Amino acid sequence: MAEARTPLLEVRGLCKQFPGVRALHEVALELHQGEVLALIGENGAGKSTLMKILAGVQPADSGEYLIESEPVRFQNVRDAMAAGVALIHQELNLAANLDLAANIFLGREPNQFGFFQNKNIHNEAAKFLKRVGLDLPTDTLVGNLPIGKQQLVEIAKALSCDARVLIMDEPTSSLSQTETETLFEVVHDLRRQGISIIYISHRLGEVKELADRVTVFRDGENAGDLAKDEISHDAMVRLMVGRDLSEFYDRQIHSPGKVVLDVEQIRTPEHPNTEVSLKIHAGEIVGIAGLVGAGRTELLQTLFGVTPALGGTIRMNGELIRPQSPRDAIAAGMALAPEDRKLHGLVLPMTVRENASLASLKRDQNKGLLNFPAEEAVAEEAVEQLQIKTPHLEQVTRFLSGGNQQKIVLGKWLALTPQLLMLDEPTRGIDVGAKREIYRLMEKLAGEGMAILFVSSEMEEVLGMADRALVMHEGRIAGELARNELSEQAIMQLATGTPLAA
Amino acid sequence: MNKNTLGIFGLLVAIFAITALLNDKFISAYNMQNLIKWSSLYAVMSIGVAFVIITGGIDLSIGSVVGLVAVVLAYQLKVKGIDPGQAIITTMCMSLLIGLIHGLLITKAKIQPFVVTLCGLLIYRSLGRWLTDNQSLGPVPLEDDKGYANIDTINSLDQIFSGKIAITDSFNLPTPALFLLALGIAAALFLNRTIWGRYLFALGNNEDGARYSGINTDNMKIIAYVICSFMAGIAGILFAFELDSVQPAQTGEFYELYAIAAAVLGGCSLRGGVGSILGVVIAAAVIRLIYNSINMLGISTHLEFGILGIVILLGVMADEFLKRYSAQRAAAKQKES
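The structure displayed is predicted, hence computed values, not measured ones.

Draft legend 1. Inspection of the overall build of chain A at higher detail. Helices and strands together make up the secondary structure of chain A, namely 19 helices and 22 strands. Its C-alpha radius of gyration of 24 Å places chain A within 12% of the 23 Å reference for a compact globule of 502 residues. Residues classed as buried in chain A amount to 57% of the 502 residues present. Partitioning the contacts of chain A with sequence separation of at least 6, the portion at a separation of at least 24 is 67%. Split by element, the accessible area of chain A, about 21200 Å² in all, is 49% carbon and sulfur. Side-chain charges in chain A split into 51 positive and 69 negative, and the spacing between the mean points of these groups amounts to 2 Å.

Written out as structure tokens, the structure is:
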């Protein structure tokens with residue numbers, strides 16, 4: 001069996017530290033030839049960091065990295081490629097304005113004295129495109145291809161560099177159902193050709209279908225491995241969260257109160273031709289699921305006034321509002337913890353105190369003058385209530401961990417006691433401990449009557465936290481699932497545009 | 001005082017001490033008066049541009065605004081014989097309007113600050129030349145000049161804007177220093193003690209982050225440009241009274257570069273979000289001091305720009321290295337804990 005052979009790729013005792021975060025600790029991983037290894041774990045478990053180390057994007061602090069039992073030390077992506085390890089990014093790195101052949105040989109154009117030798121690259125490119133099942137003219141512009149095909153081009157590009165190990169980072173997160181199926185076929189094909197694949201995904205259904213073996217990470221450490229016949233949904237989840245799910249997502253269902261947010265037929269600038277309607281009650285936790293690009297973040301941003309609605313009505317507590325800026329939305333009692341904490345949630349170079357008080361400065365002002373005692377109190381309250389781990393209030397937020405940063409964002413809003421709290425990927429890049437605290441906080445706030453609307457790409461989070469889930473597909477709400485109807489399968493079906501079977 | 005301000009203050013003291021040691025005429029009352037006067041004039045402009053730089057923007061039109069304000073003021077007083085108080089109000093309104101237009105173009109029309117204010121630099125300069133047919137003229141009548149209405153008022157305004165207050169028998173404090181003191185304190189209070197000051201720092205560091213926190217970032221940026229042009233306007237009036245003759249083509253030329261240099265040397269980052277008024281004021285004084293020292297020490301004046309450039313470059317480099325060093329130490333500390 002595979003276990004007896006020397007692994008093609010192996011790491012042992014790998015450690016990586018970022019300021020304020022222990023990303024990887026004594027991590028081990030093995031990959032055999034022709035194997036599909038699924039790497040799973042919650043956000044912030046260290047998967048992406050490991051992938052970047054494997055692919056030469058960043059070095060490890062310590063530990064061994066062996067390819068065919070030979071220790072290697074990659075300085076950059078080029079080194080990794082030369083050793084046959086290629087990373088297929090979540091965000092594709094293709095030049096949209098170039099054709100297929102040019103993209104595949106980008107940076108390695110056959111040339112003489114700097115002049116293109118154009119003849120062969122089209123034939124060569126066609127060869128690699130065929131291996132990923134793409135039968136397209138090699139002079140097609142990449143920008144004209146749908147995202148699923150672009151991904152295949154990216155894979156073909158890796159193959160053209162003699163890649164033996166392909167690392168796929170959430171390859172299906174923005175693919176339609178058909179595109180996903182095509183990708184699966186390609187993965188099976190590549191395995192037959194002897195290519196090894198490390199497959200990172202949040203979709204446990206996919207993992208079950210594709211993987212020969214599963215390695216689970218939790219909090220930057222190995223949480224366990226599952227052989228082919230041990231792979232099951234429950235086993236994976238148990239390893240990922242480290243305990244039973246029911247304990248992790250400690251939910252009590254509150255009887256929903258009055259309608260807090262009532263949205264009718266609004267259109268977002270991102271999807272101007274689709275209308276979205278929804279209602280959220282006090283004390284309710286509503287999750288929005290869907291694929292990347294389904295318009296979930298855009299919906300929250302429109303409600304919050306970042307990108308004002310093109311049409312339709314928004315009512316808060318029955319009152320019609322037209323948020324043209326976050327300021328308007330905040331005045332109406334909304335708050336948003338945005339998806340990108342570092343870009344939108346915090347002012348990173350500023351301190352815990354300055355960030356926690358930023359939204360409430362105006363309320364606490366003394367004729368325009370800063371009210372320092374009130375500001376201090378707001379920050380202290382946030383640190384205490386949310387158990388933010390910071391040496392002091394004057395700590396610059398850049399140096400805090402993702403979990404603590406997110407808590408500061410939440411603390412900033414809780415100081416204003418909003419009626420509707422919107423959370424976009426509330427636990428992305430956060431360790432399990434902080435994650436649990438954020439779930440507890442959501443539960444507590446809902447218990448106190450706050451309406452909570454959250455967007456999540458983590459299936460488990462939606463299944464575990466939502467009283468009700470709205471599933472979005474191509475800008476519209478494809479379906480609504482009550483708590484007792486929630487299942488990974490139902491969500492995936494709606495998210496990929498397949499109507500639910502009656 | 002933060003580290004950066006302390007550093008620039010050290011530089012000021014060092015150059016001062018060296019020049020004083022090498023030339024005993026340096027610490028004469030006359031030279032000190034001049035140094036204080038010119039430092040004050042430069043510092044007023046520099047404070048203004050610091051606001052814009054803190055938001056992450058830039059204002060290249062300052063020199064032309066100084067020139068236009070000086071020209072328009074002199075024109076009103078000499079050619080039109082308008083009531084001097086009214087003339088000053090008109091010119092101040094003009095500079096506020098210029099700032100408002102800059103702000104609106106940058107935030108609402110979303111044109112880059114560099115482009116908006118570069119065009120401003122060209123436009124205001126040519127407006128002044130066109131208005132006066134490029135003839136030099138002074139706001140204050142020279143002794144034999146009878147061509148002014150309201151001579152008495154003008155002379156008393158001259159005492160305010162370009163006067164001297166006797167401190168000792170030989171040393172007189174130039175009044176622009178008082179303007180700097182008042183404006184500097186007001187600016188520092190605004191930046192550090194009001195919610196709007198905090199908003200400026202927040203949006204300079206992360207505009208989206210500030211907006212998502214409910215700050216009206218557009219309005220705050222407009223305010224920064226208005227403050228900048230307002231300060232340039234005040235500087236323009238001070239310069240007009242200081243100079244016997246305002247030259248439409250030259251007055252204020254390149255001043256935006258001195259102001260930006262002072263702001264940067266004083267600790268503002270062109271990336272936005274950082275800056276201290278005290279640092280900027282000291283840096284403006286350093287720039288004037290360098291000029292003065294070059295003269296005092298008999299160094300060829302052709303080297304003025306070169307020396308200035310090297311000092312600013314070294315200052316900013318030292319600051320950058322210090323920052324990196326302390327960031328590394330903070331990261332190392334973090335790792336240990």
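Moving on from the coordinates now.
Draft legend 2. Here's a closer look at the overall build of chain B. Looking only at helices and strands, chain B features 13 helices and two strands. Its C-alpha atoms give chain B a radius of gyration of 21 Å, near enough to 20 Å, the size a compact globule of 337 residues would have. Seen through its principal axes, chain B has C-alpha atoms that stretch 75 × 55 × 35 Å. Within chain B, the fraction of its 337 residues that count as buried is 53%. Here the contacts in chain B between residues at least 6 apart in sequence split such that 74% fall between residues at least 24 apart. Carbon together with sulfur atoms contributes 64% to the accessible area of chain B, which is approximately 15300 Å² in total. Counting 22 positive and 21 negative side-chain charges, chain B places the centres of these two groups 12 Å from one another.

Draft legend 3. Structural view of the pairing of strand 1 (residues 9-18) of chain A. Where strand 1 of chain A and strand 2 (residues 21-31) of chain A come together, seven bridges link them in antiparallel fashion. Paired with Val 11 of chain A across the bridge in strand 2 of chain A is Leu 29 of chain A.

Draft legend 4. Molecular detail of helix 10 (residues 296-303) of chain A. All names here are of chain A. For helix 10, the tally of buried residues reaches seven of eight residues, placing the bulk of the element in the interior. What helix 10 keeps buried is the set Arg 296, Thr 297, Leu 299, Leu 300, Gln 301, Thr 302 and Leu 303. Once helix 10 ends, the next one or two residues include Gly 305, with phi positive near 85°.

Draft legend 5. A look at the pattern of salt bridges. The tally for this structure, following the rule as stated, stands at 28 salt bridges over all chains. Note that Arg 12 of chain A is salt-bridged to Glu 10 of chain A, the shortest N-O span being 3.3 Å. One salt bridge connects Arg 353 of chain A with Glu 375 of chain A, and the closest N-O pair in it is separated by 3.0 Å. You can see Arg 353 of chain A sitting in helix 13 (residues 352-357) and its partner Glu 375 of chain A sitting in helix 15 (residues 372-385), a full 22 residues away along the chain. Among the charged side chains, a salt-bridge network with shared partners connects Arg 353, Glu 354, Glu 375 and Glu 394 of chain A together with Arg 198 of chain B.

Draft legend 6. Representation of the domain arrangement of chain A within the structure. All names here are of chain A. Per the domain assignment, the segments making up chain A are domain 1 (2-244), domain 2 (245-333 + 418-502) and domain 3 (345-417). On a C-alpha basis, the centroid separation for the pair domain 2 and domain 3 is 25 Å. On the side of domain 3, 14 residues touch domain 2, which itself brings 18 residues to the contact. For the pairing of domain 2 and domain 3, the buried interface totals around 1200 Å² over both sides, and the portion due to carbon and sulfur atoms is 69%. When the buried area of domain 2 at its contact with domain 3 is split by residue, Pro 418, Glu 437 and Leu 441 rank highest and sum to 37% of it. At the boundary of domain 2 and domain 3, one finds one salt bridge.

Draft legend 7. Expanded view of the environment of Ile 266 of chain A. All names here are of chain A. One can find Ile 266 in strand 13 (residues 259-268). On the basis of relative accessibility, which here comes to 0%, the residue Ile 266 falls in the buried class. Linking Ile 266 and Val 276, residues ten residues apart in sequence, is a C-alpha distance of 5.2 Å. Setting aside residues up to four positions removed in sequence, Ile 266 forms contacts with Thr 274, Glu 275, Val 276, Leu 299, Thr 302, Leu 303, Ala 309, Gly 311, Gly 312, Thr 313 and Ile 314.

Draft legend 8. Representation of the pairing of strand 11 (residues 213-218) of chain A within the structure. Residue and element names in this part refer to chain A. Taking burial as the measure, the six residues of strand 11 include five buried ones, the bulk of the element. In this structure, strand 3 (residues 36-40) lies alongside strand 11, joined through four bridges in parallel fashion. Paired with Leu 39 across the two strands is Thr 215, which belongs to strand 11. Counting the residues in the hairpin turn of strand 11 and strand 12 (residues 221-227) gives two residues, including Asp 219, whose phi is positive at 55°.

Draft legend 9. Fine view of the interface of chain A and chain B. Contact residues are listed per partner, giving 36 residues for chain A and 23 residues for chain B. Between chain A and chain B lies a buried interface of about 2500 Å² when both sides are counted; carbon and sulfur atoms form 61% of it. In this assembly, chain A and chain B are joined by two salt bridges. Between Glu 375 of chain A and Arg 198 of chain B there is a salt bridge, with the nearest N and O atoms lying 2.6 Å from each other. Joining chain A to chain B, the criterion identifies nine residue pairs in polar contact (both at pLDDT 80 or more). Contributions of two or more residues to the side of chain A that touches chain B are made by helix 11 (326-331), helix 12 (341-345), helix 13, helix 14 (361-364), helix 15 and helix 16 (402-414) of chain A. Counted by class, the side of chain A that touches chain B contains 20 nonpolar, eight polar and eight charged residues.

Draft legend 10. Spotlight on the packing of helix 3 (residues 62-80) of chain B against helix 11 (residues 255-265) of chain B. Residue and element names in this part refer to chain B. Two elements in contact, helix 3 and helix 11, have axes whose closest approach is 6 Å; the angle formed by their N-to-C orientations is 130°. Here helix 11 runs oblique to helix 3, going by the angle between their axes. The residues of helix 11 that touch helix 3, namely those facing Ile 62, Gly 63, Ser 64 and Val 66, are Tyr 255, Glu 256 and Ala 259. Looking at the contact of helix 3 with helix 11 residue by residue, the class counts come to four nonpolar, two polar and one charged.

Draft legend 11. Fine view of the nonpolar core. Counting residues in hydrophobic clusters, the biggest one holds 106 residues, and the most contacted among them are Met 45, Phe 51, Leu 200 and Phe 241 of chain B. Beyond its immediate sequence surroundings of up to four residues, Phe 241 of chain B is in contact with Leu 73, Leu 77, Ile 88, Pro 139, Val 140, Ile 154, Leu 157, Asp 158, Phe 161 and Ser 162 of chain B. In terms of nonpolar packing, the next biggest core, distinct from the first, is built from 99 residues, Leu 239, Leu 303, Ala 356 and Val 471 of chain A among them.

Draft legend 12. Looking closely at the sheet that holds strand 15 (residues 285-290) of chain A. Residues and elements named next belong to chain A. Across the sheet, which stays open at both edges, the six strands sit in the order 18-19-20-15-21-22 with mixed pairing between neighbours. Each edge of the sheet is formed by a strand with only one pairing partner; in this case those strands are strand 18 (334-337) and strand 22 (476-482). Shown here is a sheet whose adjacent strand axes are inclined to one another by a mean of 20°, direction ignored. Summarising the sheet, strand 15 and strand 21 (residues 468-473) pair through five bridges and their orientation is parallel. What sits directly across from Ala 289, in strand 21, is Val 471. Packed on one face of the sheet, helix 19 (residues 488-495) meets strand 15, strand 21 and strand 22 and runs near 30° to strand 21.

Draft legend 13. Examining the state of the cysteines more closely. Residue and element names in this part refer to chain B. Using the criterion set out here, one finds zero disulfides over all chains in the structure. The thiol of Cys 93 is not disulfide-bonded; the next cysteine sulfur, from Cys 228, is found 17 Å away. Judged by relative accessible area, Cys 93 falls into the partly exposed class, the value being 45%.

Draft legend 14. Summary view of the side chain of Ser 196 of chain A. All names here are of chain A. When you line up the elements, Ser 196 lands in strand 10 (residues 196-200). A polar atom in the side chain of Ser 196 sits 2.9 Å from the backbone oxygen of His 32. Sequence-distant contacts of Ser 196, that is, excluding residues within four places in its chain, are made with Leu 8, Leu 31, His 32, Gln 33, Gly 34, Glu 35, Arg 164, Val 165 and Leu 166.

Draft legend 15. Examining the packing of helix 16 of chain A against helix 17 (residues 432-447) of chain A more closely. Residues and elements named next belong to chain A. Two elements in contact, helix 16 and helix 17, have axes separated by 10 Å at closest approach and are oriented at 20°. By the criterion of interaxial angle, the relationship of helix 16 to helix 17 is roughly parallel. Helix 16 and helix 17 meet at a crossing whose hand is left-handed. The residues of helix 17 that touch helix 16, namely those facing Gly 403, Gln 406, Lys 407, Leu 410 and Leu 414, are Ala 434, Glu 437, Ile 438, Leu 441 and Leu 445. Residues of the contact of helix 16 with helix 17, tallied by class, amount to six nonpolar, two polar and two charged.

Calculation rules
- Residues numbered from 1 in each chain as written.
- Chains lettered and ligands numbered in written order.
- Predicted model: local features only at pLDDT ≥ 70, side-chain atom pairs only at ≥ 80, totals over all residues.
- Heavy atoms only, no water.
- Helix = DSSP H or I, 4+ residues; strand = E, 2+ residues; numbered from the N terminus.
- Rg over C-alpha atoms; globule rule 2.2 N^0.38 Å.
- Buried < 20%, exposed > 50% of the residue type's maximum accessible area, 1.4 Å probe, protein only.
- Contact = heavy atoms within 4.5 Å.
- Areas by Shrake-Rupley, 256 points an atom, 1.4 Å probe, with all protein chains shown as cover.
- Lys, Arg positive; Asp, Glu negative; His and termini not counted.
- Charge placed at Lys NZ, Arg CZ, Asp CG, Glu CD.
- Pairing = 2+ DSSP bridges.
- Salt bridge = Lys/Arg side-chain N within 4 Å of Asp/Glu carboxyl O.
- Domains from an automatic or database assignment.
- Buried area = accessible area lost by both parts, 1.4 Å probe.
- Polar contact = N/O pair within 3.5 Å; in protein donor to acceptor, adjacent residues only side chain to side chain.
- Nonpolar A, V, L, I, M, F, W, Y, C, P; charged D, E, K, R; others polar.
- Axes fitted to C-alpha atoms, helices over the stretch in contact; angles between N-to-C directions.
- Parallel < 35°, antiparallel > 145°, perpendicular 65-115°, else oblique.
- Core = buried A, V, L, I, M, F, W, Y, C linked by side-chain atoms within 4.5 Å.
- Disulfide = S-S within 2.5 Å.
- Left-handed = near helix turned anticlockwise from the far one by under 90°.

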